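Listed below, chain by chain, are the residues.
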Amino acid sequence: MAELSINETSLTNEYTQSASMGTGVWKRFRRHPGAIFGIVVITILIVMALLAPASPYNPEASDITSRYESPSLRHIMGTDALGRDLFTRVLYGGRVSLSVGLMVVAISIIIGVPIGALAGYYGGALDAILMRITDAFLSLPSFLVLILLSAILWEIEIPMLSGNSVLTISLVIGVFSWTTFARLVRAAFLSIRETEFVAASRALGGSDARIMIRHILPNSIGPIIVEATLEFGYAIIEESGLSFLGFGIQPPTPSWGNLLSNAQEYFMKYPWLAIFPGLMIFFSIISINYIGDGLRDAFDPNKVLNKVGEV
Amino acid sequence: MIQTVGLLLLLSVFLFALVNLAPGGPLSGQGQSRHIDPDKVELLKRQFGLDKPLPTQYLIWLVGNDWMQVDSNGDGAMDGYGTRQGILRGDFGFSFRTRQPVLTEIGQRLPNTIYLTVVTMLVAVLIAIPIGIISAIRQYSSFDITVTTFSFAGQAIPEFWLGLILILVFYAWLKNPFTGDPLLPSGGMTSVDSVGFNLWDRIVHLILPVLTGALGWIAWYSRFLRSSMLDVIHQDYIRTARAKGLSDWGVLSKHALRNALVPLVTLLALDLPYIFGGAIFVETLFAWPGMARLYYQAALERDYPVLMAVLIIGAACIILSNLIADILYAYLDPRIRYE
């Protein structure tokens, strides 16, 4: 931690001191009522999704004797056209939608963070090339490209990726979601590489890789965490949107989006089919947005996030 | 400028490669929706020039084939010059689905999308501006807290779900008390039996699609304007304006609002492509004959010429709107100068 003590004298910014960062952030985060609401709701949703197999009903087996039953004590969200318990399907759908969200975040961090780090750290021609690629991705109407890509992948037989599986859809969305990470990380690296503790580490013989991974990356973790939270929400919306239009996760595997899509035909007569899956999307997005908002405040937006807009 | 052109070329290569990624090329999708025997596929391939190497195909797509010999009837022998002019000269080819020129198809649908988008944006901005201003000048009032809560909710409602719920409430549940018909139509731009231009009929058909499309933007813009107003009213020049005796209204309209609106205007330009992207849900839900629904139908049937055209035009629009945002920003805020 020798380098960090040099840093303390040059930047008396809570954010850059990793020793106090966690506690300070948590203190500010706790004071944000929306964020606490968000944490509670998303935890409930995740626990429900994890406990889905505890449901007495099978999510995919049809039961013609109990078609279109309205919500009751036996089926708290009613049943669908094939007599399947909607609540069970919503729980399993949550597993799919939430895991797509998590995987998209992971994929976009794996792609975006190294690109942003290399561009910001080395600058020059490498930066120019990487940022032009990022611009190209940002110039595409991404949701429309997602539709095209999943339509194409539908027809290709690739092991693990056939038939619009959870993995396929996560990859497709992830490949178009890393640009914000790249920009954020680049901006953070650009400003942090000029600090004295980086110069000190270099003077002590630290390699580029060591400086990037041990010194700069931990200090740019704030915006990455905030963006990861928000991206989790976007990914859930994008997956549900794709599945709603029929290009995402394919039935009988339930996802919140394709449950809504299936509801479209008869929802006027059996409104619960449309109401409940949508409510799940709504509650997960609103809680994620609140958490993101709380994190942004907690990580002290004026110090880092505002800079990103200028670069 | 050169960068912009380069970017578009890069995107065109990318999109072209993407479509040709499917084994068997762009015709492969034809097997999914309808059955075609393999000989016919070979014939179609020769007719569409899909038997040529990919770089040649890309070149033809880009600049046309009216300078080279082609096999127009697919019998394996060259029989004259091609007729395609390439996308650079505005020829996006023919739709696999309708056999019409892609540009004609888009030309029929684009005005409807622009019409819906413009109305949606106008409604969103006209509602969001007063909400944002009041929230900012009455910060932490009960109005502000209510609005902030609602705007969080508004941003979290997926458009496709909102649309379904609105149809449920205003079409299936609520009835017109005089006629007993559904209160609002659930789709289309006009009634099937309407003759000529009927303003009332048009407005009635706009309500649900516009509401569906606008809610998220109202939430987002009112929050954005609130924070941009809060930034502005704590500036020195606002204190100066107040100190020289200007009324609250004078300070607000002459000094605060003008400066707070600058970032909103640029944001609007930047958001335009996303509004178009979101239009795909509104247009499919409400059977709106627009460009996004055309894209959806084309995707269902793997109509690649249409898909490529919409994507290229969409990318060009995004680049253009970024440019407009930059120019507007510099124009509205004289402190910003581009080298």
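Within each chain, residues carry numbers counting from 1 in the order of the written sequence. In the order they appear in the text, chains get letters beginning with A and ligands get numbers beginning with 1. Local features in this predicted model are restricted to residues of pLDDT 70 or higher, and side-chain atom pairs are both shown and tallied only at a pLDDT of 80 or more, whereas totals for entire chains, interfaces and linings draw on every residue. Excluded from the side-chain calculations are hydrogens and water; all other atoms, namely the structure's heavy atoms, are used.

Peer 1: When you look at the interface of chain B and chain A in this model, what are you seeing that I'm missing?
Peer 2: One frequently used descriptor of interface size is the decrease in accessible area upon assembly of the parts. Each partner contributes to the interface: chain B provides 49 residues, whereas chain A provides 41 residues. Regarding the contact of chain B and chain A, the summed buried area is about 4,000 Å², with carbon and sulfur atoms giving 81% of it. Put simply, a salt bridge is a Lys or Arg side-chain nitrogen that is within 4 Å of an Asp or Glu carboxyl oxygen. In this structure, the connection of chain B to chain A is made through one salt bridge. Note that Asp293 of chain A is salt-bridged to Arg223 of chain B, the shortest N-O span being 3.7 Å. Polar contacts, as counted here, are pairs of nitrogen or oxygen atoms within 3.5 Å of one another; within protein the pair requires one atom able to donate a hydrogen and one able to accept it, and residues that are adjacent in sequence qualify only if both atoms are side-chain atoms. Across the contact surface, chain B and chain A share three residue pairs in polar contact (both at pLDDT 80 or more). For the purposes of this entry, the term helix denotes a DSSP run of H or I that reaches at least four residues, the term strand denotes a run of E that reaches at least two, and both are numbered from the N terminus. Put simply, the parts of the chain that give the side of chain B that touches chain A at least two residues each are helix 1 (2-19), helix 6 (142-156), helix 7 (159-173), helix 10 (248-285), helix 11 (291-300) and helix 12 (304-332) of chain B. Considering each element in turn, the side of chain B that touches chain A owes the most residues, nine residues, to helix 7 of chain B. Amino acids outside the nonpolar list (Ala, Val, Leu, Ile, Met, Phe, Trp, Tyr, Cys, Pro) and the charged list (Asp, Glu, Lys, Arg) are all regarded as polar, and Gly is one of them. Of the residues in the side of chain B that touches chain A, the class split is 39 nonpolar, eight polar and two charged. Two residues qualify as a contact provided that any one of their heavy atoms is within 4.5 Å of a heavy atom in the partner residue. Once two parts are joined, some of their accessible surface, as seen by a 1.4 Å probe, is lost; buried area is that loss totalled over both.

Peer 1: Which parts of the structure should I look at to understand the packing of helix 10 of chain B against helix 11 of chain B?
Peer 2: The description of two packed helices rests on the angle between their axes and on the distance between the axes. Residues and elements named next belong to chain B. Interaxial distance between helix 10 and helix 11 falls to 7 Å at its minimum, and their mutual angle equals 75°. Classified by the angle between their axes, helix 10 and helix 11 sit roughly perpendicular to one another. Seen from helix 10, the contacting residues are Phe276, Ala279, Ile280, Glu283 and Thr284; seen from helix 11, they are Met291, Ala292, Arg293, Tyr295 and Tyr296. Split by residue class, the contact of helix 10 with helix 11 holds seven nonpolar, one polar and two charged. Interaxial angles span 0 to 180 degrees and are taken between N-to-C directions of axes, which are lines fitted to C-alpha atoms, for helices over the stretch in contact. Roughly parallel here means an angle under 35 degrees, roughly antiparallel means over 145, roughly perpendicular means 65 to 115, and every remaining angle is called oblique.

Peer 1: Can you help me understand the nonpolar core in this one?
Peer 2: The tendency in soluble globular proteins is for nonpolar side chains to be buried side by side. Working definition of a nonpolar core: buried Ala, Val, Leu, Ile, Met, Phe, Trp, Tyr and Cys residues. They are joined through side-chain atoms within 4.5 Å. The buried label applies to any residue whose accessible area, calculated with a 1.4 Å probe on protein chains only, is under 20% of its type's maximum; exposed applies above 50%, and partly exposed to all values in between. Residues Ile147, Leu148 and Leu245 of chain A together with Ile280 and Tyr295 of chain B are the most contacted members of the largest nonpolar core, which totals 140 residues. Residue-level mapping places this core at the junction of two domains, with at least three residues from each of domain 1 (2-91) and domain 2 (103-332) of chain B. Not counting residues within four places of it along the chain, the set of residues in contact with Ile147 of chain A comprises Leu242, Leu245 and Phe247 of chain A together with Ile280, Tyr295 and Ala299 of chain B. What fixes the domain bounds is an automatic or database domain assignment.

Peer 1: Mind showing me how you'd approach the domain arrangement of chain B here?
Peer 2: All names here are of chain B. Its domain assignment divides chain B into domain 1 (2-91) and domain 2 (103-332). Contacts between domain 1 and domain 2 engage 14 residues on the former and ten residues on the latter. Between domain 1 and domain 2, a total of about 1,200 Å² is buried, with carbon and sulfur atoms accounting for 78% of that surface. Linking domain 1 with domain 2 are zero salt bridges. Inspection of the domain 1/domain 2 interface yields zero residue pairs in polar contact (both at pLDDT 80 or more).

Peer 1: Looking at this structure, how should I read the pattern of salt bridges?
Peer 2: Where side chains of opposite charge bring their charged atoms close, a pairing between them can arise. All chains considered together, the criterion is met by ten salt bridges over all chains. Note that Arg186 of chain A is salt-bridged to Asp127 of chain A, the shortest N-O span being 2.7 Å. A residue pair is termed long-range when its members are at least 10 positions apart, and Arg186 of chain A in helix 8 (residues 179-192) and Asp127 of chain A in helix 5 (residues 124-138) qualify at 59 residues. Taken individually, Arg186 of chain A and Asp127 of chain A each receive the classification buried, so the pair is uniform in this respect. For Asp248 of chain B, the salt bridge identified is with Arg242 of chain B, shortest N-O distance 2.9 Å. Residues participating in the shared-partner salt-bridge network are Arg132, Asp135 and Arg183 of chain A.

Peer 1: Just to check I follow, could you spell out the side chain of Arg302 of chain B for this structure?
Peer 2: One can find Arg302 of chain B in the loop between helix 11 and helix 12. Within the local environment of Arg302 of chain B, its side chain forms a polar contact with the backbone oxygen of Ala299 of chain B, the two atoms lying 2.8 Å apart.

Peer 1: What is the right way to look at a negative patch on the surface in this model?
Peer 2: A cluster of acidic residues, Asp37, Asp39, Glu42 and Asp51 of chain B, forms a negative patch on the protein surface. Looking at where Asp37 of chain B falls in the secondary structure, it is placed in the loop between helix 2 (30-33) and helix 3 (38-48). Only residues whose relative accessible area exceeds 30% and that form no salt bridge are eligible for patches; like-charged ones are grouped when within 9 Å, while nonpolar side chains (Val, Leu, Ile, Met, Phe, Trp, Tyr) are grouped when within 5 Å. Computed with the Shrake-Rupley method and a 1.4 Å probe, the accessible areas treat only the protein chains shown as cover for residues. Asp and Glu are treated as the negative residues and Lys and Arg as the positive ones, with His and the ends of the chain left uncounted. By convention, the point assigned to a charge is CZ for Arg, NZ for Lys, CD for Glu and CG for Asp.

Peer 1: Sorry, what's going on with the packing of helix 5 of chain A against helix 1 of chain B here?
Peer 2: Two numbers describe how helix 5 of chain A lies on helix 1 of chain B: the axes approach to 10 Å, and their chain directions differ by 70°. As summarised for this structure, helix 5 of chain A and helix 1 of chain B are arranged roughly perpendicular, according to the angle between their axes. Here helix 5 of chain A runs over helix 1 of chain B; the crossing is right-handed. Facing helix 5 of chain A, whose interface residues are Arg132, Asp135 and Ala136 of chain A, helix 1 of chain B presents Gln3, Leu7, Leu10 and Leu11 of chain B. When grouped by side-chain class, the residues that make up the contact of helix 5 of chain A with helix 1 of chain B number four nonpolar, one polar and two charged. Definitions for this section: a left-handed crossing has its near helix turned counterclockwise from the far helix by less than a right angle. A right-handed crossing has that turn clockwise.

Peer 1: Quick question: what am I supposed to make of the packing of aromatic side chains here?
Peer 2: Pairs of aromatic rings are described using the distance from one ring centre to the other and the angle between the two planes. The pairing test for Phe, Tyr and Trp rings, Trp by its six-membered ring, is centres within 6.5 Å, and the orientation test on the planes gives stacked under 30 degrees, edge-to-face over 60, and tilted for anything in between. Inspection of the entire model under this criterion finds 22 aromatic pairs over all chains. Plain terms: the ring middles of Phe137 of chain A and Trp178 of chain A are 5.1 Å apart, the flat faces sit at 65° to each other, and that makes the pair edge-to-face. Of this pair, Phe137 of chain A sits in helix 5 while Trp178 of chain A sits in the loop between helix 7 (166-175) and helix 8; the two residues are 41 residues apart in sequence, bridging distant segments of the chain. For the ring pair Phe143 of chain A and Phe281 of chain B, a centre distance of 5.3 Å and an interplane angle of 55° mean the geometry is tilted. With Phe143 of chain A in helix 6 (residues 142-155) and Phe281 of chain B in helix 10, this residue pair bridges two chains. Since its relative accessible area comes to 11%, Phe143 of chain A is described here as buried. Given a relative accessible area of 9%, Phe281 of chain B falls into the buried group. Put simply, the rings of Phe137, Phe176 and Trp178 of chain A together with Phe14 of chain B pair up and form one aromatic cluster. The ring of Phe152 of chain B has Arg223 of chain B lying over it, and the distance from NZ or CZ to the ring centre is 4.4 Å. We call a charge positioned above a ring when the Lys NZ or Arg CZ atom is no farther than 6 Å from the ring centre and deviates by at most 35 degrees from the ring normal.

Peer 1: Would you mind going over unusual backbone geometry with me for this structure?
Peer 2: Note: most residues except glycine have negative phi, and most peptide bonds are trans. Looking along the chain, the bond that leaves Pro251 of chain A and enters Pro252 of chain A is cis, with omega of 10°. Secondary-structure assignment places Pro252 of chain A in the loop between helix 11 (221-245) and helix 12 (256-263). Even without a glycine there, the phi angle at Ala287 of chain B is positive, about 45°. Its location among the elements puts Ala287 of chain B in the loop between helix 10 and helix 11. Of note, the phi angle at Arg302 of chain B is positive, near 55°, even though the residue is not glycine.

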